[in-house]
Number of protein chains: 2
Amino acid sequence: MDLMKIAVDAMGGDNAPQTVVEGVERARDEYSDLEFNLYGKESEIKKYLNDQSRIQIIHTDNKIDMNDEPVRAIRRKKDSSMVLAAKAVKDGEADAFFSCGNTGALLAAGLLIVGRIKGISRPGLLSTLPMLSKGEGALNLLDSGANADNKPEHLYEYAILGKYYAQKVRGIANPRIGLLNNGTEEHKGSKTTQEAYQLLKATPNLNFVGNVESNAILKDVADVVVADGFTGNAVLKAIEGTASATMHLLKDSIMNSGVSGKLGALLLKSTFNELKNKMNQSQYGGAVLLGVKAPVVKAHGSSDSAAVYYTLKQIHKMLEEKMIPDLVAYFEEEAKKTDGAEE
Amino acid sequence: MDLMKIAVDAMGGDNAPQTVVEGVERARDEYSDLEFNLYGKESEIKKYLNDQSRIQIIHTDNKIDMNDEPVRAIRRKKDSSMVLAAKAVKDGEADAFFSCGNTGALLAAGLLIVGRIKGISRPGLLSTLPMLSKGEGALNLLDSGANADNKPEHLYEYAILGKYYAQKVRGIANPRIGLLNNGTEEHKGSKTTQEAYQLLKATPNLNFVGNVESNAILKDVADVVVADGFTGNAVLKAIEGTASATMHLLKDSIMNSGVSGKLGALLLKSTFNELKNKMNQSQYGGAVLLGVKAPVVKAHGSSDSAAVYYTLKQIHKMLEEKMIPDLVAYFEEEAKKTDGAEE
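Residues numbered from 1 in each chain as written. Chains lettered and ligands numbered in written order. Predicted model: local features only at pLDDT ≥ 70, side-chain atom pairs only at ≥ 80, totals over all residues. Heavy atoms only, no water.

1. Re the overall build of chain A
And then number 1: Counting secondary structure elements, chain A contains twelve helices and eleven strands.
And then number 2: The C-alpha radius of gyration of chain A comes to 21 Å, within 12% of the 20 Å expected for a compact globule of 343 residues.
And then number 3: Here the C-alpha coordinates of chain A stretch approximately 60 × 60 × 40 Å along the principal axes.
And then number 4: Long-range pairs, those at least 24 residues apart, make up 70% of the contacts in chain A between residues at least 6 apart in sequence.
And then number 5: Surface summary for chain A: the accessible area is close to 14500 Å², and the carbon and sulfur share equals 47%. (Helix = DSSP H or I, 4+ residues; strand = E, 2+ residues; numbered from the N terminus. Rg over C-alpha atoms; globule rule 2.2 N^0.38 Å. Contact = heavy atoms within 4.5 Å. Areas by Shrake-Rupley, 256 points an atom, 1.4 Å probe, with all protein chains shown as cover.)

Take a look at the structure:
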């Protein structure tokens, strides 16, 4: 059995390295084909590590902070835990790169150190959201914020990247791909979405289901929704912010509702927990920078050890299913077609 | 006392003309300085009308349907209730125009019939959202969907339009104006938002509070948030869709939670109602097309008579406070400065 190695920035995140180490140990115990390089302060890491099998610690004192300017931090803090983890992937020492740290720095490390797949112009960030309609299910949204200005051809790339992710990681044979737009009809939208619509419509072997409005994306109308990174980011944050604000508002109202209200809340405790679980994104893993040469994945800064574990599980699936080699092959094939057409 | 006249498309909306007529009567009874022209089927309107004082019915058999193509409908259905109402404003017979009908057609009627204020290049749609943080309060978002492609200078116009609305209608002396963006730092964003930031920062007498992310806009960080119409529309629909989906999910969970859960829900009934009221947008009136020569306001297609009443109250306030004349004067002054600078 070939072992797959994940390079872990052990110092990224609010509760690092504790939750990172705990999540790594859980994933190591579950997947016998995984091994880990942990980059960070050895003494700190060892405090929380119970069993070092298939775990190697690479000591460094430096780390990238949450408020560091991303590109500068990547360029200057060459011995930081995040840069060392990304370099391990670039140098072929590790197969994937994981961090709960500074998102901008992780994106910069992915782009500048791990590097783009040939044929991809603008890697995009893929986020997974739970469906809020009845039943199970989730939705992938990309680009959810790696870029601020996207062109129609980038949205085409996101459709392919998202399709492979949904097939390989979520096991959906023929994922429904939607285009985030301000109306459902074909002619609707900005210049960018109108052009992207035509590109997606013309793509062979793509289950393109047309335009999806942001009030419908949680209603199971598509498995993957593509958007420019500016709008995708705004929609993702609006959904997260509204869900969280609604739950807080409910909680506050209950706290102020007197004895009968509190009794009511007690009786509904399992219902509220069920709702909270359903809305919990971390079960789906982290946000994936798709379009680079290896899985580069970011979990939330406030991740607990379960969220770290779920993200490592997600990375394991990407590696096991050989998602990246397949993507590389697809875009190589595409490039050949374009070259052929140009001759 | 000068009477102010509102031209009402009595046939627009799912429950027209009943809820429209009921809302109009309530507003007429409350505001002695309001009178109304109701455009639509006289026999239908009269079915629901109790007292015709200060209400004139202008009969027409034609109306614009929800699935009519907007611009074509406005051009071809010249005797529809919506077009006649918009024309009454253009011809100086009425001071404002109201409909619960086809949004696209209302926008087209506002732009093509009522017409732009001189100096405004792209009128924008202003929506009002309740704050989901503790306490009272609301937020204006514009452009929430009149345009699909906006330039930085349009966002500057929205800031001025939104400022006047917040001052005149909401009575906020010095409204906080935020720019919807994908990060809070000054340098963040797309090319459009980066340029808009500098324009807003340089505008005198504007309480510009900087960038606002979409997960913060319901948290009382600004009174008005400006955005390009594509992103504004996506964020508005994401917020509305998530709030509604969360409440539905809660309801479904309770329905499936057995006897103790249902008892709990009963005890929390007033809490749930309070939450529902807080999230009810219709108390703030309808969506206003700002930048045209008169108040042009759209209430939701499913509006009940209370929503119609609140929207007429909102229009009354705009008229009473002379918002439009003040906006016209502002942009005339602006044009003079620009002309002066060019000489």
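2. Let's talk about the side chain of Ser80(B)
All names here are of chain B.
And then number 1: With respect to the secondary-structure elements, Ser80 resides in the loop between helix H3 (70-76) and helix H4 (81-90).
And then number 2: A relative accessible area of 0% means that Ser80 is categorised as buried.
And then number 3: When neighbours within four sequence positions are excluded, Ser80 is seen to be in contact with Thr60, Asn62, Lys63 and Ile64. (Buried < 20%, exposed > 50% of the residue type's maximum accessible area, 1.4 Å probe, protein only.)

3. Notes on helix H8 (residues 229-255) of chain B
All names here are of chain B.
And then number 1: If you check H8, its first and last C-alpha atoms are 38 Å apart, about what 27 residues at 1.5 Å a residue would give, namely 39 Å.
And then number 2: Burial analysis of H8 places 20 of its 27 residues in the buried class, which makes it a mostly covered element.
And then number 3: Two or three places before Phe230, at the opening of H8, Asp228 has a side-chain oxygen 3.1 Å from that residue's backbone nitrogen. (Expected span 1.5 Å × (residues − 1). Polar contact = N/O pair within 3.5 Å; in protein donor to acceptor, adjacent residues only side chain to side chain.)

4. Section: the interface of chain B and chain A
And then number 1: Each partner contributes residues to the interface: chain B has 50 residues there, and chain A has 50 residues.
And then number 2: Interface area for chain B against chain A, summed over the two sides, is near 4100 Å², with a carbon-plus-sulfur share of 70%.
And then number 3: Looking only at chain B, the three residues that lose the most surface to chain A are Phe230(B), Lys237(B) and Leu249(B), adding up to 15% of its buried area.
And then number 4: At the junction of chain B with chain A, the criterion picks out two salt bridges.
And then number 5: For the pair chain B and chain A, the number of links is ten residue pairs in polar contact (both at pLDDT 80 or more).
And then number 6: If you tally residues by element for the side of chain B that touches chain A, the top one is H8(B), at 19 residues.
And then number 7: The residue makeup of the side of chain B that touches chain A, split by class, is 22 nonpolar, 19 polar and nine charged. (Buried area = accessible area lost by both parts, 1.4 Å probe. Salt bridge = Lys/Arg side-chain N within 4 Å of Asp/Glu carboxyl O. Nonpolar A, V, L, I, M, F, W, Y, C, P; charged D, E, K, R; others polar.)

5. Details of the confidence of the model for chain A
And then number 1: For chain A, the average pLDDT comes to 94, and 98% of its residues sit at 70 or higher.
And then number 2: Listed scores for the predicted complex are pTM 0.94 and ipTM 0.93. (pLDDT = per-residue confidence, 0-100.)

6. What about the domain arrangement of chain A?
Residues and elements named next belong to chain A.
And then number 1: Taken as a whole, chain A is organised into domain 1 (1-120 + 291-342) and domain 2 (127-284).
And then number 2: Using only C-alpha atoms to locate each centre, domain 1 and domain 2 end up separated by 25 Å.
And then number 3: Of the residues lining the interface, 16 residues belong to domain 1; the matching set on domain 2 comes to 14 residues.
And then number 4: The contact between domain 1 and domain 2 buries some 1400 Å² in all, and 67% of this surface belongs to carbon and sulfur atoms.
And then number 5: Broken down residue by residue, the surface that domain 1 buries against domain 2 is led by Tyr310, Met323 and Tyr330, which jointly contribute 30%. (Domains from an automatic or database assignment.)

7. Overview of the relation of the copies chain B and chain A
And then number 1: Take chain B, turn it by 180°, move it 0.0 Å along the axis, and it overlays chain A with an RMSD of 0.0 Å. As the rotation angle and translation indicate, the two copies are arranged about a two-fold axis. Closest to the rotation axis within chain B is the C-alpha of Gly264(B), separated from it by 1.8 Å. (Least-squares fit on C-alpha atoms with pLDDT ≥ 70 in both.)

8. Overview of empty space enclosed by the protein
And then number 1: Inspection of the entire model under this criterion finds two cavities of 30 Å³ or more.
And then number 2: Taken as a whole, the largest cavity encloses approximately 40 Å³ of empty space.
And then number 3: In terms of lining, the largest cavity is formed by Phe230(A), Leu155(B), Leu180(B), Thr192(B), Thr193(B), Ala227(B), Asp228(B) and Thr231(B).
And then number 4: Class assignment for the residues of the lining of the largest cavity results in four nonpolar, three polar and one charged.
And then number 5: For the second largest cavity, the calculated volume is near 30 Å³.
And then number 6: Surrounding the second largest cavity, Leu155(A), Leu180(A), Thr192(A), Thr193(A), Ala227(A), Asp228(A), Thr231(A) and Phe230(B) form its lining. (1 Å grid on protein atoms, 1.4 Å probe; cavity = no way out; pocket = protein on both sides within 12 Å on 5 of 7 lines; lining within 4 Å. Points joined across faces, edges and corners; volume = space filled by probe spheres on them.)

9. Overview of unusual backbone geometry
In most cases, non-glycine residues show a negative phi, while peptide bonds are predominantly trans.
And then number 1: Cis geometry marks the peptide bond from Ala16(B) to Pro17(B); its omega dihedral reads -5°.
And then number 2: If you trace the backbone, Pro17(B) turns up in the loop between strand S1 (4-9) and helix H1 (18-30).
And then number 3: A positive phi angle, near 60°, is found at Asn205(A), a position not held by glycine.
And then number 4: One can find Asn205(A) in the loop between helix H7 (191-201) and strand S8 (208-212).
And then number 5: The backbone phi angle of Arg54(B) is positive, close to 55°, even though this residue is not glycine.

10. So, the sheet that holds strand S4 (residues 96-99) of chain B
Residue and element names in this part refer to chain B.
And then number 1: Pairing in this open sheet of eleven strands is mixed, and the strands run S3-S2-S1-S4-S11-S10-S5-S6-S9-S7-S8 from one edge to the other. Where the open sheet ends on each side, the last strands, each with one partner, are strand S3 (55-59) and strand S8 (208-212). If you compare each strand with its neighbour and ignore which way they point, the axes differ by 25° on average.
And then number 2: Sheet topology places strand S7 (residues 177-180) next to S8; four bridges connect them, and they run parallel. Bridged to Leu180 within S8 is Val212.
And then number 3: Along the sheet, helix H5 (residues 103-114) makes contact with S4, strand S5 (124-130), strand S10 (287-290) and strand S11 (296-298), crossing S11 at roughly 180°. (Pairing = 2+ DSSP bridges. Axes fitted to C-alpha atoms, helices over the stretch in contact; angles between N-to-C directions.)

11. Structural notes on the environment of Ala196(A)
And then number 1: Along the chain, Ala196(A) turns up in helix H7.
And then number 2: Discounting residues that sit within four places of it in the chain, Ala196(A) has contacts with Pro152(A), Leu155(A) and Leu179(A).

12. Examining the packing of helix H10 (residues 269-279) of chain A against H8(B)
Each pair of packed helices gets described by two things: the angle between the helix axes and the distance between those axes.
And then number 1: Their axes nearest at 9 Å, the elements H10(A) and H8(B) cross at an angle of 135°. When the axes of H10(A) and H8(B) are compared, the pair comes out oblique. Crossing of H10(A) against H8(B): the hand is right-handed. Where H10(A) abuts H8(B), its residues Thr271(A), Phe272(A), Glu274(A), Leu275(A), Lys278(A) and Met279(A) lie against Thr246(B), Leu249(B), Leu250(B), Ser253(B) and Ile254(B). (Parallel < 35°, antiparallel > 145°, perpendicular 65-115°, else oblique. Left-handed = near helix turned anticlockwise from the far one by under 90°.)

13. Considerations on the sheet that holds strand S5 (residues 124-130) of chain A
Adjacent strands of a sheet form backbone hydrogen bonds with each other and so pair up, either parallel or antiparallel.
Residues and elements named next belong to chain A.
And then number 1: Reading across the sheet, the eleven strands line up as S3-S2-S1-S4-S11-S10-S5-S6-S9-S7-S8 and stay open at both edges, with mixed pairing between neighbours. Of all strands in the sheet, those with a lone pairing partner are strand S3 (55-59) and S8, marking the two edges. Neighbour to neighbour, the strand axes of the sheet diverge by 25° on average, direction disregarded.
And then number 2: Both S5 and strand S10 (residues 287-290) contribute to a ladder of three bridges, which runs antiparallel. Following the sheet pairing, Gly124 is matched in S10 by Leu290.
And then number 3: Helix H5 (residues 103-114) rests against strand S4 (96-99), S5, S10 and strand S11 (296-298) of the sheet, and its axis sits at about 180° to S11.

14. Some points on the side chain of Ser253(A)
And then number 1: Inspection of the secondary structure assignment puts Ser253(A) in helix H8 (residues 229-255).
And then number 2: For Ser253(A), a relative accessible area of 8% gives the class buried.
And then number 3: Once you skip the residues sitting within four places of it in the chain, Ser253(A) turns out to touch Thr271(B), Glu274(B) and Leu275(B).

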